[in-house]
Number of protein chains: 2
Amino acid sequence: MIRIALDCYGGDDSPKANVEGAFDALKKLPELELILAGDETEINALVEEEAKKHGSDLKSRITVIHAPDVISCNEKPTDAIRQKPDSSMMKCINLLRTDPTVSGMVSIGSTGALIAAATLRIGRLEGVMRPTFCPILPTMDGGIVGICDSGANVDCDAYRLHQFAVMGSVYMKNAFGVENPRVALLNVGVEAEKGDMMRKEAYPLIAGNKNINFVGNMESRDLLSGKYDLVVCDGFSGNVLVKSVEGTAVSLLKKLKGGIMSKLKYKIGGLFMKGLFTEMKETLDYQKYGGSILLGCRKVVIKGHGSSNPVSVCKCIEQAYTAQTNNMNEQIEALLSE
Amino acid sequence: MIRIALDCYGGDDSPKANVEGAFDALKKLPELELILAGDETEINALVEEEAKKHGSDLKSRITVIHAPDVISCNEKPTDAIRQKPDSSMMKCINLLRTDPTVSGMVSIGSTGALIAAATLRIGRLEGVMRPTFCPILPTMDGGIVGICDSGANVDCDAYRLHQFAVMGSVYMKNAFGVENPRVALLNVGVEAEKGDMMRKEAYPLIAGNKNINFVGNMESRDLLSGKYDLVVCDGFSGNVLVKSVEGTAVSLLKKLKGGIMSKLKYKIGGLFMKGLFTEMKETLDYQKYGGSILLGCRKVVIKGHGSSNPVSVCKCIEQAYTAQTNNMNEQIEALLSE
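In every chain, residue numbers begin from 1 and rise along the written sequence. Labels are handed out in written order, letters beginning with A for the chains and numbers beginning with 1 for the ligands. Per-residue local features are limited, in this predicted model, to residues with pLDDT of at least 70; the limit for side-chain atom pairs, both in listing and counting, is 80 or more; totals at the level of whole chains, interfaces and linings are taken over all residues. For side-chain calculations, the full set of non-hydrogen atoms in the structure is used, while hydrogens and water are omitted.

### Observations concerning the overall build of chain A
Counting from the N terminus, the helices are the DSSP runs of H or I reaching at least four residues and the strands are the DSSP runs of E reaching at least two. Secondary structure assignment for chain A yields 12 helices and 12 strands. We compute the radius of gyration from the C-alpha atoms alone; for a globule the expected value is 2.2 Å times N to the 0.38, where N is the number of residues. Computed over the C-alpha atoms, the radius of gyration of chain A is 21 Å, within 12% of the 20 Å expected from 2.2 N^0.38 for a compact globule of 338 residues. Only protein chains enter the accessibility calculation, which uses a 1.4 Å probe; a residue is then buried when its area is under 20% of its type maximum, exposed when over 50%, and partly exposed in between. Looking at the 338 residues of chain A, the share that counts as buried comes to 58%. Contacts between residues were defined by any pair of non-hydrogen atoms, one from each residue, lying within 4.5 Å. Looking at chain A alone, contacts between residues at least 24 apart form 74% of all its contacts between residues at least 6 apart. Computed by Shrake-Rupley with a 1.4 Å probe, the accessible areas treat only the displayed protein chains as cover when residues are assessed. Here chain A displays about 13400 Å² of accessible surface, and carbon together with sulfur accounts for 51% of that area. Note on charges: Lys and Arg go in the positive column, Asp and Glu in the negative column, and His and the chain ends are not counted at all. Here the site of a charge means NZ on Lys, CZ on Arg, CG on Asp, or CD on Glu. A gap of 5 Å separates the mean positions of the 39 positive and 41 negative side-chain charges of chain A.

Encoded structure:
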């Protein structure tokens, strides 16, 4: 059995989406057991509701632990994790810290609080300097690209960048079946000598590691080209990168939508092109790949988007499950000890 | 008279677009004199051609200096500026360095070479630690936003960030008439305490300067929102930001275009929406605002896009002209000495 904790609060449709996603995952994965953290009365009621739909045998693989408190996205992470030990997130973190039979957790709550809590409380894998947060974006050719780090290491150095390349490679291979992931270093130009001091120092470290399929520097404009499987960066510029892709895409689609509504002929054109817009929206839907992983913790920690629906919650649970069945963390430790 | 040097090589349509743009600018600005750097024979022939169209009185305000060599975008900047003193770009730089009557220059050639050459050879304004490269992007509400720095300072510190805020504010006001420009600090979150050490140190410096209208931290996803006139960042993350906005926009529009061609009904829809796509393209056309300025040099240095047409070359010349007529550099020196 693989036991995973699910934080039932913090998302736009929580806890309903979380509990529904939990049942979807249990149905898909017969070796899965889930521990649901949230207000006991509320979560149990939702579990009963789902059990009626799906049959009560799935319910037998669920344990509910009482966590009446919620950490919101507006709270300062370091304060929240100290002041809210009874929150659903901290109850999960604590379980990962103390219970060796629980292998991972999923949360769709505050990213900052989750990164801080996991980093400070769960502990790192052998040899890991600091865990790294790795979201996945869809590329324009229908593939995906991982961005590592994207916020857990805003103050960074070349040695960490090298570790991100190792950990991210193992992740892309194990979680998404990417053989020999093409790893690029985010930089201001493609030439080997480009960049700030950190990048100039990191380049030979990554290039010199035979376990990394390093393809050189990448400019941010090529992120979605499909030429790279993993992009290595410090947490500050990685955060800038991910959010600006998201922001630009959202702004453009909003502008297009507003434009379509502005004139009758555009509205008619819009009707003809409805299928195309749906296709494009699907290409851009990063939630279908699951959540972002915090790599380098002793346990698997997956962060789903705050707007996750049951399908994406289920995907996140599958991600945590796969990482555990593939012994991803053991592989990371082995490669870092080389 | 205001005398400006124009590098006639380095763009996709150089030197033709450059010389045509020069005549457009001379027509608009009666107090302008231009020095055109390029192969004498080639440039003179183009000047004669344009003079036939526009009348030869404009020609009297043009001087051609012989510069047979070209610096390409594929050359290593520091090598190129040392090895090619006879290039059109270096001839302009040298003129700015030695001739007090020449107040600025425009180039649409290699950005890296221009930043390196200007920084190393022209010298800084009094009090400026290092010049900063500030491109302009169009926002979704039809306005613009400056990004400062976006590549000249890949290794940066809080004091420089503070200077970027000062210089960028003066620039947005003088070049684009933005009264009391709203200045934001690029960060991983909007809360005041967010960010890496550099940002935490820069925040109070910028917030404490009464000459800056500081509105706080900004996440990259809000760059195009129209809520900010100037975004302050280190050159590395600024470069990532600008190129990822550009890359995402180009990728999406390409995807949309490809999609439209894939099915008959989408093609029909596309015909109805042709006007809308043109409108959107115009909104996104950053070239209509001119080029990017290198702020903090003793002379005005404007970098136009490599794909500049005569209209954008003319815009860049106007930018250099306006900066000089408004005594922008004197204002920067005065504010930095406070």
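### Considerations on the domain arrangement of chain A
Residue and element names in this part refer to chain A. By domain assignment, chain A separates into domain 1 (1-128 + 296-338) and domain 2 (132-287). Taking the mean C-alpha position of each, domain 1 and domain 2 sit 25 Å from one another. On the side of domain 2, 13 residues touch domain 1, which itself brings 20 residues to the contact. Together, the buried faces of domain 1 and domain 2 total about 1500 Å²; carbon and sulfur atoms form 62% of this surface. Simply put, the buried area is the total loss of 1.4 Å probe accessible area from both parts when two parts are fitted together. Per-residue buried area on domain 1 facing domain 2 is highest for Ile 115, Met 328 and Leu 335; these three make up 27% of the total on that side. A pair is scored as a salt bridge if a Lys or Arg side-chain nitrogen falls within 4 Å of a carboxyl oxygen belonging to Asp or Glu. Counting across the domain 1 and domain 2 interface gives one salt bridge. Here Glu 338 ties to Lys 210 by a salt bridge, and the two come within 3.4 Å at their closest N and O atoms. Just so you know, the domain bounds were taken from an automatic or database domain assignment.

### Examining the interface of chain B and chain A
Between chain B and chain A, the contact holds 51 residues from the first and 51 residues from the second. The contact between chain B and chain A buries some 4800 Å² in all, and 70% of this surface belongs to carbon and sulfur atoms. In terms of surface lost to chain A, no three residues of chain B exceed Phe 236, Leu 252 and Phe 272 of chain B, which account for 14% of the buried area on that side. There are six salt bridges connecting chain B and chain A. With a closest N to O distance of 2.4 Å, Lys 243 of chain A and Glu 219 of chain B form a salt bridge. Within 3.5 Å is the distance limit for a polar contact, defined as a pair of N or O atoms, with the added protein rule that one can donate a hydrogen and the other accept it, and that residues adjacent in sequence qualify only through two side-chain atoms. Inspection of the region where chain B meets chain A yields 19 residue pairs in polar contact (both at pLDDT 80 or more). Looking at the side of chain B that touches chain A, the elements with two or more residues in it are α7 (197-207), α8 (235-262), α9 (264-272) and α10 (274-284) of chain B.

### Comments concerning the sheet that holds strand β1 (residues 2-7) of chain A
Residues and elements named next belong to chain A. Criterion used throughout: strands pair if DSSP finds at least two bridges between them. The strand order β3-β2-β1-β4-β12-β11-β5 describes an open sheet built from seven strands, whose pairing is mixed. Two strands lie at the open edges of the sheet, namely β3 (62-66) and β5 (132-134), each paired on one side alone. Along the sheet, successive strands turn relative to each other by an average axial angle of 25°, direction set aside. As paired strands, β1 and strand β4 (residues 102-107) are joined by four bridges and run parallel to one another. Following the sheet pairing, Ile 4 is matched in β4 by Gly 104. For helices, the axis comes from a line fit to the C-alpha atoms of the stretch in contact; other axes are also lines fit to C-alpha atoms, and the angle between any two N-to-C directions lies between 0 and 180 degrees. Relative to the sheet, helix α6 (residues 158-176) contacts β5 and β11 (292-295), its axis offset from that of β11 by approximately 130°. Across the sheet, helix α11 (residues 310-325) is in contact with β1, β2 (32-38), β4 and β12 (300-303); its angle to β1 comes to roughly 145°.

### Quick notes on a nonpolar patch on the surface
A contiguous nonpolar patch, built from Leu 264 and Ile 268 of chain A together with Leu 264, Ile 268 and Phe 272 of chain B and spanning about 450 Å² of accessible area, is present on the exposed surface. Breaking the nonpolar patch down by element, the ones donating at least two residues are α9 (264-272) of chain A together with α9 of chain B. Ile 268 of chain A sits in the partly exposed class, given a relative accessible area of 31%. Think of a patch as exposed residues, more than 30% relative accessible area, with no salt bridge, where like charges cluster within 9 Å and nonpolar side chains (Val, Leu, Ile, Met, Phe, Trp, Tyr) cluster within 5 Å.

### Some points on the relation of the copies chain B and chain A
In the superposition of chain B on chain A (RMSD 0.0 Å, axial shift 0.0 Å), the rotation amounts to 180°. Taken together, the rotation and translation describe the operation of a two-fold axis. Across chain B, the smallest distance between a C-alpha and the rotation axis is recorded for Gly 269 of chain B, namely 2.0 Å. Least-squares fitting of one copy onto the other uses the C-alpha atoms of those residues that reach a pLDDT of at least 70 in both copies.

### Things to note about the packing of aromatic side chains
Only rings of Phe, Tyr and Trp enter the pairing, Trp through its six-membered ring, and a pair is recorded when the two centres are within 6.5 Å. The plane angle decides the type: under 30 degrees is stacked, over 60 is edge-to-face, the rest tilted. In this structure the tally under the stated criterion is five aromatic pairs over all chains. Here Tyr 171 of chain A and Phe 176 of chain A contribute two aromatic rings whose centre-to-centre distance is 5.5 Å and whose plane-to-plane angle is 80°, an arrangement assigned as edge-to-face. Classification of Tyr 171 of chain A by relative accessible area gives buried; the value is 1%. Here Phe 176 of chain A falls in the partly exposed class, since its relative accessible area comes to 24%. If you follow Arg 199 of chain A out to its NZ or CZ, it ends over the ring of Phe 236 of chain B, 3.7 Å from the centre. Throughout this description, the term charge over a ring refers to an Arg CZ or Lys NZ atom that lies within 6 Å of the ring centre and within 35 degrees of the ring normal.

### Describing the environment of Tyr 9 of chain B
Residue and element names in this part refer to chain B. If you trace the backbone, Tyr 9 turns up in the loop between β1 (2-7) and α1 (16-28). In sequence terms Tyr 9 and Leu 230 are 221 residues apart; their C-alpha atoms lie 30 Å from each other. Reaching out from Tyr 9, the side chain makes a polar contact with the backbone nitrogen of Asp 39 at a distance of 2.9 Å. Polar side-chain contacts of Tyr 9 include one of 2.6 Å to the side chain of Glu 42.

### What to know about the sheet that holds strand β7 (residues 144-148) of chain A
All names here are of chain A. With respect to topology, five strands assemble into an open sheet ordered β6-β7-β10-β8-β9, the strand pairing being mixed. A single partner strand is all that each edge strand has here, and the edge strands are β6 (136-138) and β9 (213-218). Adjacent strand axes in the sheet meet at a mean angle of 30°, parallel and antiparallel pairs treated alike. Relative to β7, β6 is paired through three bridges, and the arrangement is antiparallel. Looking at the pairing, Leu 137 lines up with Val 145 of β7. Against the sheet, α6 contacts β6, β7, β8 (182-186) and β10 (230-232), and its axis sits at roughly 165° relative to β10.

### Some remarks on the packing of helix α1 (residues 16-28) of chain A against α11 of chain A
Residues and elements named next belong to chain A. Taken N-terminus to C-terminus, the directions of α1 and α11 make an angle of 50°; their axes are 7 Å apart at the nearest point. In terms of their interaxial angle, α1 and α11 are classed as oblique. The two elements α1 and α11 cross, and the hand of that crossing is right-handed. Taken together, the residues of α11 that come into contact with α1 (itself represented by Ala 17, Asn 18, Glu 20, Gly 21, Ala 22, Asp 24, Ala 25 and Lys 28) are Pro 310, Val 313, Cys 314, Ile 317 and Glu 318. Only Asp, Glu, Lys and Arg are considered charged in this grouping, and only Ala, Val, Leu, Ile, Met, Phe, Trp, Tyr, Cys and Pro are considered nonpolar; every other residue, Gly among them, is considered polar. When its residues are assigned to classes, the contact of α1 with α11 shows seven nonpolar, two polar and four charged. Oblique is the label for every angle not falling under 35 degrees (roughly parallel), over 145 degrees (roughly antiparallel), or within 65 to 115 degrees (roughly perpendicular). Less than a right angle of anticlockwise turn of the near helix away from the far helix marks a crossing as left-handed, whereas a clockwise turn marks it as right-handed.

### Quick notes on the pattern of salt bridges
Counted under the stated rule, the structure contains 38 salt bridges over all chains. Between Lys 84 of chain A and Glu 75 of chain A there is a salt bridge, with the nearest N and O atoms lying 2.9 Å from each other. The residue Lys 91 of chain B makes a salt bridge to Asp 86 of chain B at a minimum N-O spacing of 3.7 Å. If you follow the salt bridges from partner to partner, you end up with Glu 219 and Arg 221 of chain A together with Lys 243 and Glu 246 of chain B in one network.

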